[in-house]
Amino acid sequence: MAFTTIVGAARALRDGSVTSVGLAEQVLQRTSMVEAQLHAYLTLDSDGLMEAAARADEELAAGSDRGPLHGIPIAVKDNMTTRHMETTAGSRILSGYVPPYDATAIRRLRDAGALIAGKTNLDEFAMGSSTENSAFGPTRNPWNTDRVPGGSSGGSAAAVAAGMALGGLGSDTGGSIRQPASLCGVVGAKPTYGAVSRYGLIAFASSLDQIGPIAHRVEDAALLLDAISGHDPLDSTSYPGGIEPSGARLGGGLDGVRVGVARRLGGADAVEPDVEAAFDRALAAMEGAGAVTLEVDLPSTEQGLSAYYLIAPAECSANLARFDGVRYGLRVDGATTEQMMSRSRADGFGPEVTRRVLLGTFALSAGYHEAFYGQAQKVRTLIREDFARAYRQCDVLVSPTSATTAFPLGDRTEDPLSMYVSDVFTIPSNLAGHPAISVPVGLDRHDLPIGFQVMAPALEEAVMFQVAAAVESLAGFDTTVPFDPSYGLRGGVR
């Protein structure tokens, strides 16, 4: 049951073939087998999970059914505040911090009856593409433990892929849900900016961050997204209108759907042959199912990577100014307040966070603001206009999610630029504020998963999920990670 879908588990809970307690026990048993190898969790709340599961069973038995997530164990990225549970954002500077409140997305999960299994590992403050930047050590890929799981939501993606939770939440600033979903062989979706409240999400780049679901199946991801979506007065950027449920058109198929093929999205030109072949196979299958495909060009996205790495560091520089050793988190004593703040930040922030804070501070400094940050925002507007033109011809756009499959641990840590390029296909949707989803469509020659990205106009999640579900069905990919009871994971051997 640890590898069952949320839909399947919900059905089993209601026909009596499993209890929520039994489901939680199986998830914990699976976690005990593989967590030492993967390091997907920073906090595993075993006691809290079992207590919540017992309450869920009592409520369901009494006829109090909160919906399909009731009694389902979910893993949550550790940059979302959780009441009475440590929230570190993967950083030493927040080690030991226990928030007094839940993020809105967490509260909505609890209201839907979901069980919070624990908090998952991430690149520090969600800054990274491999989950190697965590202050608490890297997470490993369940398909091959010598490889990265992607990032920054690598802990949530690995936990779901390895059967350590039935679903998960991540955050996506430049691809941090979709890229690890692609590398771990699961589904990951970034909603429209403003569709999910950011209240309680520890901010990296406020105009880009979004919370979204990770799951084994598209249908499961839709259930999670619908549970956490909706206006929140506590978030001034929350969309105030109604949004069609993500799962409203899941059975709609592809007949007559106009699909724009964005092969050079973000200027990417170094796609691995196996990734390109899997992408082409998926496109051919879509055409066979009735989709109408056409090549599209989004020329301004070639500057997307450069624009992102000015906008995101600038916003992170402002957001992370609050971590100064004065109010909460790590404090390193000094002779003066200035020395205390300087030492606290130097000891509390890792090298990648420090790099981005310095980049952002420089980009916002007097004399450089317009030349760097201002120009990047103009590029962002051009990217939005490119997408708007493309969507006048197409219902959705598609591309590979990542140009490569999971790369070896340590392979890119000494070359930040090569790490940044990992997100070239995912960044444009964040800059535009549009939804996008990654669906697994096959394996490369090393038995590593390959992701297929579907993008849609703002607030068109229902169309995006409709196409994603059809791609998933056509690909027929088995998301179950290879497993050997004698020692846990099989290092990608299928």
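Residues numbered from 1 in each chain as written. Predicted model: local features only at pLDDT ≥ 70, side-chain atom pairs only at ≥ 80, totals over all residues. Heavy atoms only, no water.

> Before we go on, may I ask you to explain the overall build of the protein in this structure?
When helices and strands are tallied, the protein shows 15 helices and 13 strands. Expressed along its principal axes, the backbone C-alpha trace of the protein runs to roughly 65 × 55 × 45 Å. Looking at the protein as a whole, 60% of its 494 residues qualify as buried. Expressed as a percentage of contacts within the protein between residues at least 6 apart in sequence, the contacts between residues at least 24 apart total 76%. If you sum the accessible surface of the protein, you get close to 17300 Å²; carbon and sulfur atoms cover 51% of it. Charge separation in the protein, taken as the distance between the mean sites of 39 positive and 57 negative side-chain charges, equals 3 Å. (Helix = DSSP H or I, 4+ residues; strand = E, 2+ residues; numbered from the N terminus. Buried < 20%, exposed > 50% of the residue type's maximum accessible area, 1.4 Å probe, protein only. Contact = heavy atoms within 4.5 Å. Areas by Shrake-Rupley, 256 points an atom, 1.4 Å probe, with all protein chains shown as cover. Lys, Arg positive; Asp, Glu negative; His and termini not counted. Charge placed at Lys NZ, Arg CZ, Asp CG, Glu CD.)

> Help me out: how do you make sense of the pattern of salt bridges in this one?
Side-chain pairing between opposite charges can occur once the charged atoms of the two side chains come close. Applying the stated criterion across every chain, the model contains 20 salt bridges. Aspartate 324 is the partner of arginine 327 in a salt bridge, and the nearest nitrogen-oxygen pair spans 2.9 Å. The class of arginine 327 is exposed, set by a relative accessible area of 54%. For glutamate 370, the salt bridge identified is with lysine 378, shortest N-O distance 3.3 Å. We classify glutamate 370 as partly exposed; its relative accessible area is 45%. (Salt bridge = Lys/Arg side-chain N within 4 Å of Asp/Glu carboxyl O.)

> Explain the side chain of threonine 4 here, please?
With respect to the helices and strands, threonine 4 occurs in the segment before α1 (6–15). If we ignore the near neighbours within four places in the chain, the residues touching threonine 4 are Ala9, Leu166 and His216.

> I keep staring at the pairing of strand β8 (residues 292–295) and nothing clicks. Help me out?
Two faces, one strand: in a regular strand the side chains alternate between the faces of the sheet. Where strand β7 (residues 258–261) and β8 come together, four bridges link them in parallel fashion. Its bridge partner being in β8, valine 259 is matched across the sheet by threonine 293. What joins β7 to β8 is helix α8 (residues 273–288), and the crossover it makes is right-handed. (Pairing = 2+ DSSP bridges. Right-handed = clockwise from strand over helix to strand, strands pointing away.)

> How do you make sense of the nonpolar core when you look at a structure like this?
One recurring pattern in soluble globular proteins is that nonpolar side chains are buried together. With 111 residues, the main nonpolar core has Leu109, Phe125, Met286, Phe387, Leu397, Phe452 and Phe465 as its most contacted residues. The contact partners of leucine 397, leaving out residues within four places of it in the chain, are Gly260, Val296, Leu298, Phe387, Ala390, Tyr391, Gln453, Val454 and Met455. Listed in part, the 18 residues of the second largest apolar core include Ala40, Tyr41, Ala75 and Ala165. (Core = buried A, V, L, I, M, F, W, Y, C linked by side-chain atoms within 4.5 Å.)

> Is there a simple way to explain the packing of helix α4 (residues 104–111) against helix α7 (residues 218–228) in this structure?
Pairs of packed helices are described in terms of their axes, by the angle between the two and the distance that separates them. Close contact between α4 and α7 brings their axes to 8 Å; oriented N to C, the two are set at 110°. In terms of orientation, α4 lies roughly perpendicular with respect to α7. Read as a crossing pair, α4 and α7 show a hand that is right-handed. Note on element contacts: α7 touches α4 through Leu224, Ala227 and Ile228, opposite Ala105, Arg108 and Leu109. (Axes fitted to C-alpha atoms, helices over the stretch in contact; angles between N-to-C directions. Parallel < 35°, antiparallel > 145°, perpendicular 65-115°, else oblique. Left-handed = near helix turned anticlockwise from the far one by under 90°.)

> Please explain the environment of valine 454 as it appears in this structure.
Position of valine 454 relative to the elements: it lies in strand β11 (residues 449–455). Distance in space between the C-alpha atoms of valine 454 and valine 471 is 9.2 Å, their sequence separation being 17 residues.

> Looking at this model, I keep getting lost on the packing of aromatic side chains. Mind explaining?
Any aromatic ring pair is given by two values, namely how distant the centres are and how the planes are angled relative to each other. If you walk through the whole model with that rule in mind, you get 13 aromatic pairs. Relative to phenylalanine 323, the ring of phenylalanine 125 lies with its centre 5.0 Å away and its plane at 45°, an arrangement referred to as tilted. With phenylalanine 125 in the loop between β3 (115–120) and α5 (154–161) and phenylalanine 323 in the loop between α9 (304–319) and α10 (337–348), the pair connects residues that are 198 residues apart, well separated along the chain. Assessed through its relative accessible area of 4%, phenylalanine 323 is described here as buried. On the basis of relative accessibility, which here comes to 2%, the residue phenylalanine 125 falls in the buried class. In textbook terms, an aromatic cluster arises when at least three aromatic residues are bridged by ring pairs, as seen for Tyr97, Phe125, Phe323, Tyr328 and Phe349. Positioned above the aromatic ring of phenylalanine 407 is the side chain of arginine 412, whose terminal nitrogen or guanidinium carbon lies 3.9 Å from the ring centre. (Phe/Tyr/Trp six-rings, centres within 6.5 Å; stacked < 30°, edge-to-face > 60°. Lys NZ or Arg CZ within 6 Å of the ring centre and 35° of its normal.)

> Looking at this structure, how should I read unusual backbone geometry?
Negative phi characterises most residues that are not glycine, and trans characterises most peptide bonds. Cis rather than trans, the peptide bond between glycine 151 and serine 152 has omega equal to 10°. Along the chain, serine 152 turns up in the loop between β3 and α5. Despite not being glycine, alanine 89 has its phi angle at roughly 55°, a positive value.

> Help me out: how do you make sense of the side chain of threonine 192 in this one?
Assignment of secondary structure puts threonine 192 in the loop between β5 (187–190) and β6 (210–215). Ignoring any residue separated from it by four or fewer positions in sequence, one finds threonine 192 in contact with Gln210, Gly433, His434, Pro435, Ala458, Leu459 and Glu461.

> Would you mind going over helix α3 (residues 46–61) with me for this structure?
Three or four residues apart is the spacing at which side chains of an α-helix point the same way, because the helix has 3.6 residues per turn. With 16 residues, α3 should cover 22 Å at 1.5 Å per step; its first-to-last C-alpha distance of 23 Å lies within 8% of that length. Along α3, the residues classified as buried are Gly48, Leu49, Ala52, Ala53, Ala56 and Asp57. Contacts from the buried residues of α3 go to α2 (20–38), β2 (73–77) and β3. Phi turns positive one or two residues past the end of α3, at glycine 63, with a value near 85°. (Expected span 1.5 Å × (residues − 1).)

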